[in-house]
Amino acid sequence: QVQLVESGGGLVQPGGSLRLSCAASGSIFSINAMGWYRQAPGKERELVARITNMRTIYYADSVKGRFTIARPNDKNVYLQMNSLKPEDTAVYYCNGLFNGMNYWGKGTLVTVSS
């Protein structure tokens, strides 16, 4: 059994910053990619950023230059979000591939508003 625990969401003004954290725990025997998805009201879930076990990184075009994904070890991943815009408002979900299976966190809400 694997669990992903997220933290760091909240309310921030446009132009502000937030840092999201995700930690994996449990019986992990193989490790591959981890990443962040988000889902805004009325929109489909989208991939925001992904980092593999080899530290190959992908960013969605909408966040390039503003967001940074980091993975100091195979079980922890962070998303530094700078220059936040109202359209970044969404529930952000941590995702990880472990033991050949896909796992999801419960999500953390990010609201960008004045």
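Here the structure is a predicted model, which means the values were calculated and not measured.

1. Quick look at the packing of aromatic side chains
- For the structure shown, the criterion picks out 1 aromatic pair.
- Directly above the ring of Y78 sits R19, whose terminal nitrogen or CZ lies 4.5 Å from the centroid.
- One Lys or Arg, R50, reaches over the ring of Y58 and ends 5.9 Å from the middle of that ring.

2. Describing the sheet that holds strand 7 (residues 67–73)
- Here 4 strands make up an open sheet; going across it, the order is 1-3-8-7 and the pairing antiparallel. The open sheet has two edge strands, strand 1 (2–7) and strand 7, and neither has a second partner. Neighbour-to-neighbour, the strand axes of the sheet open up by a mean angle of 15°, direction not taken into account.
- As judged from the 5 bridges shared by strand 7 and strand 8 (residues 76–81), these two strands associate in the antiparallel manner. Bridging from a neighbouring strand, A70 pairs with Y78 of strand 8.

3. With respect to the side chain of N95
- In this structure, N95 sits in strand 9 (residues 90–98).
- A polar side-chain atom of N95 sits 3.0 Å from a polar atom in the side chain of N102.
- A distance of 3.2 Å separates a polar side-chain atom of N95 from the backbone oxygen of Y103.

4. Some details on unusual backbone geometry
- Even without a glycine there, the phi angle at S83 is positive, about 50°.
- Relative accessible area serves as the criterion here: at 41%, S83 is assigned to the partly exposed category.
- A positive phi angle is found at N99, which is not glycine, with a value near 55°.
- Within the secondary structure, N99 is located in the loop between strand 9 and strand 10 (101–104).
- Relative accessible area serves as the criterion here: at 28%, N99 is assigned to the partly exposed category.

5. Considering the state of the cysteines
- Per the stated rule, a full pass over the model turns up 1 disulfide.
- Between the sulfur of C22 and that of C94 lies a disulfide, 2.0 Å long from S to S. Because the sign of the S-S torsion sets the handedness, a value of about -85° for the bond joining C22 and C94 places this disulfide among the left-handed ones. Of this pair, C22 sits in strand 3 (residues 18–26) while C94 sits in strand 9; the two residues are 72 residues apart in sequence, bridging distant segments of the chain.

Calculation criteria
Residues numbered from 1 in each chain as written. Predicted model: local features only at pLDDT ≥ 70, side-chain atom pairs only at ≥ 80, totals over all residues. Heavy atoms only, no water. Phe/Tyr/Trp six-rings, centres within 6.5 Å; stacked < 30°, edge-to-face > 60°. Lys NZ or Arg CZ within 6 Å of the ring centre and 35° of its normal. Pairing = 2+ DSSP bridges. Helix = DSSP H or I, 4+ residues; strand = E, 2+ residues; numbered from the N terminus. Axes fitted to C-alpha atoms, helices over the stretch in contact; angles between N-to-C directions. Polar contact = N/O pair within 3.5 Å; in protein donor to acceptor, adjacent residues only side chain to side chain. Buried < 20%, exposed > 50% of the residue type's maximum accessible area, 1.4 Å probe, protein only. Disulfide = S-S within 2.5 Å.

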